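An overview of the molecular structure
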2 protein chains.
Amino acid sequence: MLAPVTLAYQTYGTLNAEKSNAILICHALTGDQFPAETHPITGKPGWWETIIGPGKPLDTDRFFLICVNVLGGCMGTTGPADINPATGQPYGLSFPVITIGDMVRGCMRVVDALGIDTLFSVIGGSMGGMQVLEAVAAYSDRIFSAIPIATAAYHTAQNIAFHEVGRQAIMADPEWRDGNYLLQGTLPRRGLSVARMTAHITYLSEQALQRKFGRSLQDREKVKFGFDADFQVESYLRHQGLSFVDRFDANSYLYITRAMDYFDLETSYGNGSLAEVFKGCKTRVCVVSFTSDWLFPTSESRAMVHALNSVAAPVSFVEIETDKGHDAFLLDEPEMFHILQGFIDGAAAARGLPQ
Amino acid sequence: MLAPVTLAYQTYGTLNAEKSNAILICHALTGDQFPAETHPITGKPGWWETIIGPGKPLDTDRFFLICVNVLGGCMGTTGPADINPATGQPYGLSFPVITIGDMVRGCMRVVDALGIDTLFSVIGGSMGGMQVLEAVAAYSDRIFSAIPIATAAYHTAQNIAFHEVGRQAIMADPEWRDGNYLLQGTLPRRGLSVARMTAHITYLSEQALQRKFGRSLQDREKVKFGFDADFQVESYLRHQGLSFVDRFDANSYLYITRAMDYFDLETSYGNGSLAEVFKGCKTRVCVVSFTSDWLFPTSESRAMVHALNSVAAPVSFVEIETDKGHDAFLLDEPEMFHILQGFIDGAAAARGLPQ
C-alpha cells in the first residue's frame, strides 16, 4: 500500500453554491494539472488553452474546473521520483504499479475533499479519455456528463507494442541505473528522448508529417550525406525528444505507460462484455474521435458507442474530419470546439445551470 | 571513393544460351542474397521461398535468379563492418554514405560480370522495390520487365521519422562507441534491438497485431503488474529485437536506413516530376501494393502508376486486400502469387521465353 499520497491539483473558475458546476479535466500521458494559464514551471501556455476560458467550451465564467496530476506523475502528485518516507530515498522501481482506476480514485479524492458530490462533467483526451471512461464505469451516479475524446475502452496490441519500445529504450540506457538514477545522480536522457520520439510519431498522422515537413531539408540546400539531421522532420523529432527530458521523469513514463497498457474496461468491469460495463449508466456521454487518429482509431470509439447504445445509455458520437492525427484533441480544431460547446450547453440546460 | 568493393551474390537456376532469362531479385533493408534455400549462416529458410522454386512465380526451372547483398550490407558485400585496406581497421563511420543508386550500380556490376545484357525482370519489395524503381529509371533499356512491390518513389516524412528513431536508439547506446564498437570489442545490442522493435511494428498492421496477439498474456493467467513482458506482443517484440542483433551489423543498419531516407526518384531523375523519370520507359512494370500497408501505402503506388501512365509506359497495378501489413510481400499471399505468375508468364511470352 502506498501512503501517504499527495495529490497536486489546480482549479479554475468558481464553484457555485449548489456545487453543481464542477468539471473534472483528466490529463494525458505527459500532461499535468495545468491545462490553462501559464505553466508555473515551463512558462508555456496551458496544454488545453484552446478550449478553456471565458466564452470557450470549458467556460471559466460558468464552470468550476478541476485538474489533478495523475498518480505516478511527476508534477506534485506522488510518483516514483518522490521520496519514500519509509526509506528516505526516491521510490524508483519500488513504487507500486498503478492503473487508470487508481488515477481516477485519486481524482475522486480531490473531488470529495472539495465537497462535491456530483460532477457536472468529466472530460479528457487519450489517456485522459481512458480516465473519463473509467470514471463513468466506476462512478456513473456521481457524473452527470462525460466527454471521452480520442480514446478507447482498452489498449490495443499495437499501442502496447509502441509503449514497450519506449520502455525498452529507457531501460536500455545505462544512465537509468535500474531505476535508481536519482539516487546515483544520473539521468537516462537519451533513452527517454528516444521513447518520446517514437511516441511523438504516433501522435501525428502521415499526412500531417508530410504537410508540415515533407522531405524539406534543415538549414541546407542539399542533403549532406551523413547522420546529422538533414531533414526537418529529424531535427523536429530530436527537439521533441530532448525538450521532453527536461520536464518529465523517466520512471513516471514507465509507470504511466504501463497503466495505459493494463487498461481494459471490459475485463475490469464487464466480465468480458463492454455493454455490461455501461449497464444502468445514467451519465450523458459524448464520444469524439478523429479521422486521422491511427493510435486510437474511430473504430474503437464506435465500439464504445455500440456498447453504450446497447444498454440504452444516453450517448452521442462525432467523428471529426482532420489530418492532424491523435494530437488533434489538443490543437485548433473548430469543429471539435463547436461539438463540445453544443454538448456542454445541452447538458448544462438539462442540469439546470444558467447558460 | 570506396575501393575495392566486394559484391556477394547468389544465383539459382540456369542462365539460358541467349542469356535472356535472368531475373534480378533486390532485397529489403534487413534481407540478404539468400532469398531461397537454407541460409548458410542462420540455418533458416530463404526469405522469399514463398515465390521461388519449381512451379512458383520465380520458377528456378525457367529462370536464372540473381540476388546481390546490397552495398553497405553485412553478408559479404563491402559494408561498414569490413576492414578498410587503407587502415587495416573496420570502416565504421568512415564508410561513405551510400544511396539506393549505389546499391543498384552494385547489382548491375554483377549482372555485367555474368555477361548479361538485358535482364528479363527485376523484382523486390520495400527497399527492394526502391531498387527496382531506381533500376527502371537508370537502366530501362536493359530491363524487360520490373515488379516493384510495397514501395514508393520517395521516402515519406513519417518513414524518415521512424528510421531516425531507430538510428538514435543505436547511437544512444554507449556500446556503439561512436561507431567503433568492433574495434573496441563491444556491441550496441540494446540500441539495435530497440531500433528493430520499432521498425518491426511498422512492418505489421494494427489488425494483424490484434489478430495475432490482442491482449493475450505471456505464460500467465493474470497480469503481474510489473515491467516484465506481461503481454505476448511484448515478448514477441523483445524476441524480434534480440534475435536481430545476432544477424545484423548496427552500422549497416545506420547506412542502409539512411540510403532509404535519401531515396527520391523525382529529384534524382525527374527534375521534380515523377512522370519525367519514366519518360521513354519501355520496361513493362507491374506495381503491387497491400491494403493494410501503412508504411508504403497504396496511395504512393498509385502515384507511381499515374506517372507511368502519363508517359504511356506499359504498366499494370494491383492492390491486394490483406490485413498483414507491409510484411505481406514476404508472407503467404495467394493473390500476390497469382498476380506475379500472370504478369511473369505474360512478359515471358512477350520476350519469347518458353512457358
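Keep in mind it's a predicted model, so treat the numbers as computed, not measured. (Residues numbered from 1 in each chain as written. Chains lettered and ligands numbered in written order. Predicted model: local features only at pLDDT ≥ 70, side-chain atom pairs only at ≥ 80, totals over all residues.)

**Regarding the overall build of chain A**
Looking only at helices and strands, chain A features 12 helices and 9 strands. Against the globule reference of 20 Å for 355 residues, chain A gives a C-alpha radius of gyration of 20 Å, in line with a compact fold. Projecting the C-alpha coordinates of chain A onto the three principal axes gives extents of approximately 65 × 55 × 40 Å. A buried classification covers 56% of the 355 residues belonging to chain A. In chain A, the share of contacts with a sequence separation of at least 24, taken over all contacts with a separation of at least 6, comes to 71%. (Helix = DSSP H or I, 4+ residues; strand = E, 2+ residues; numbered from the N terminus. Rg over C-alpha atoms; globule rule 2.2 N^0.38 Å. Buried ≥ 20, exposed ≤ 12 C-beta atoms within 10 Å, placed from the backbone. Contact = placed C-beta atoms within 7 Å.)

**Side note on the pairing of strand S3 (residues 64-68) of chain A**
All names here are of chain A. Among the 5 residues that make up S3, 5 are buried, leaving the element largely enclosed by the rest of the structure. In S3, alternate side chains face the same way, and those of Phe 64, Ile 66 and Val 68 on one face and Leu 65 and Cys 67 on the other are all buried. In this sheet, S3 lies alongside strand S1 (residues 9-12) in antiparallel orientation, the contact comprising 4 bridges. By the bridge assignment for S3, Thr 11 is matched with Ile 66. Across 4 bridges, the pairing between strand S2 (residues 22-26) and S3 is parallel. Bridge pairing links Leu 24 to Ile 66 in S3. (Pairing = 2+ DSSP bridges.)

**So, the domain arrangement of chain A**
All names here are of chain A. What the domain assignment lists for chain A is domain 1 (9-155 + 258-351) and domain 2 (159-249). Listed by partner, the interface residues are 21 residues for domain 1 and 17 residues for domain 2. Of all the elements in the fold, those that place two or more residues in the side of domain 1 that touches domain 2 are strand S5 (89-90) and helix H8 (250-262). Classifying every residue of the side of domain 1 that touches domain 2 by side-chain character gives 8 nonpolar, 9 polar and 4 charged. (Domains from an automatic or database assignment. Nonpolar A, V, L, I, M, F, W, Y, C, P; charged D, E, K, R; others polar.)

**Topic: the relation of the copies chain A and chain B**
Mapping chain A onto chain B calls for a screw motion: a turn of 180 degrees about the axis and a shift of 0.0 Å along it, with 0.0 Å RMSD after fitting. Both chain copies can therefore be described as sitting about a two-fold axis. Taken as a fraction of all interface residues of chain A, those also at the interface in chain B reach 98%, which identifies the copy contact as same-surface. (Least-squares fit on C-alpha atoms with pLDDT ≥ 70 in both.)

**Focus on the environment of Val68(A)**
All names here are of chain A. Locating Val 68 in the fold gives a position in strand S3. Placed 127 residues apart in sequence, Val 68 and Ala 195 show a C-alpha to C-alpha distance of 24 Å. Look past the residues within four positions of Val 68 in its chain and what remains in contact with it is Leu 7, Tyr 9, Gln 33, Thr 77, Gly 106, Cys 107 and Val 110.

**Concerning helix H2 (residues 127-139) of chain A**
Along an α-helix, residues three or four apart share an orientation, since each turn contains 3.6 residues. Between its terminal C-alpha atoms H2(A) stretches 18 Å, which fits the 18 Å expected from 13 residues at 1.5 Å a residue. Within H2(A), 11 of the 13 residues are buried, leaving the element largely enclosed by the surrounding structure. (Expected span 1.5 Å × (residues − 1).)

**Quick look at the interface of chain A and chain B**
Every contact between the two is made by 41 residues of chain A and, on the other side, 40 residues of chain B. At the level of secondary structure, the elements contributing two or more residues to the side of chain A that touches chain B comprise helix H3 (157-172), helix H5 (189-203), helix H6 (206-212), helix H7 (232-245) and H8 of chain A. The greatest single-element share of the side of chain A that touches chain B, amounting to 11 residues, is contributed by H3(A). The class makeup of the residues in the side of chain A that touches chain B is 23 nonpolar, 8 polar and 10 charged.

**A closer look at the sheet that holds S1(A)**
Residues and elements named next belong to chain A. Ordered in space as S1-S3-S2-S6-S7-S8-S9, the 7 strands form an open sheet in which the pairing is mixed. Two strands bound the open sheet, and with one partner strand each, they are S1 and strand S9 (315-320). With strand direction ignored, the average angle separating the axes of adjacent strands in the sheet is 15 degrees. Across 3 bridges, strand S7 (residues 143-149) lies against strand S8 (residues 284-290) in parallel orientation. The residue bridging Ile 149 from the neighbouring strand is Val 288, located in S8. Against the sheet, helix H1 (residues 100-113) makes contact with S1, S2, S3 and strand S6 (119-125), and its axis sits at roughly 140 degrees relative to S3, the strand it touches most. (Axes fitted to C-alpha atoms, helices over the stretch in contact; angles between N-to-C directions.)

**Focus: the sheet that holds strand S2 (residues 22-26) of chain B**
Hydrogen bonds between backbone atoms are what pair the strands of a sheet, whose relative direction is either parallel or antiparallel. Residues and elements named next belong to chain B. With respect to topology, 7 strands assemble into an open sheet ordered S1-S3-S2-S6-S7-S8-S9, the strand pairing being mixed. Edge positions in the open sheet fall to strand S1 (9-12) and strand S9 (315-320), since each of these has one partner strand only. Across the sheet, the mean angle from the axis of one strand to that of its neighbour is 15 degrees, orientation sign disregarded. Pairing between strand S8 (residues 284-290) and S9: 6 bridges, direction parallel.

**Digging into the packing of H1(A) against H2(A)**
Residues and elements named next belong to chain A. Interaxial distance between H1 and H2 falls to 9 Å at its minimum, and their mutual angle equals 75 degrees. Considering their axes alone, H1 and H2 lie roughly perpendicular with respect to each other. Taking contact as the criterion, the partners of Ile 100, Gly 101, Met 103, Val 104 and Met 108 in H1 are, on H2, Met 130, Gln 131, Glu 134, Ala 135, Ala 138 and Tyr 139. Residues that form the contact of H1 with H2 fall into these classes: 8 nonpolar, 2 polar and 1 charged. (Parallel < 35°, antiparallel > 145°, perpendicular 65-115°, else oblique.)

**A look at the packing of helix H3 (residues 157-172) of chain B against helix H8 (residues 250-262) of chain B**
Residue and element names in this part refer to chain B. At a closest axis distance of 10 Å, the pairing of H3 and H8 adopts a crossing angle of 160 degrees. The angle between H3 and H8 places the two elements in the roughly antiparallel class. Seen from above, H3 lies across H8 with left-handed handedness. Along its contact with H3, which presents Ile 160, His 163, Gly 166, Arg 167 and Ile 170, the element H8 presents Ala 250, Tyr 253, Leu 254, Thr 257, Met 260 and Asp 261. In terms of residue class, the contact of H3 with H8 is made up of 6 nonpolar, 3 polar and 2 charged. (Left-handed = near helix turned anticlockwise from the far one by under 90°.)

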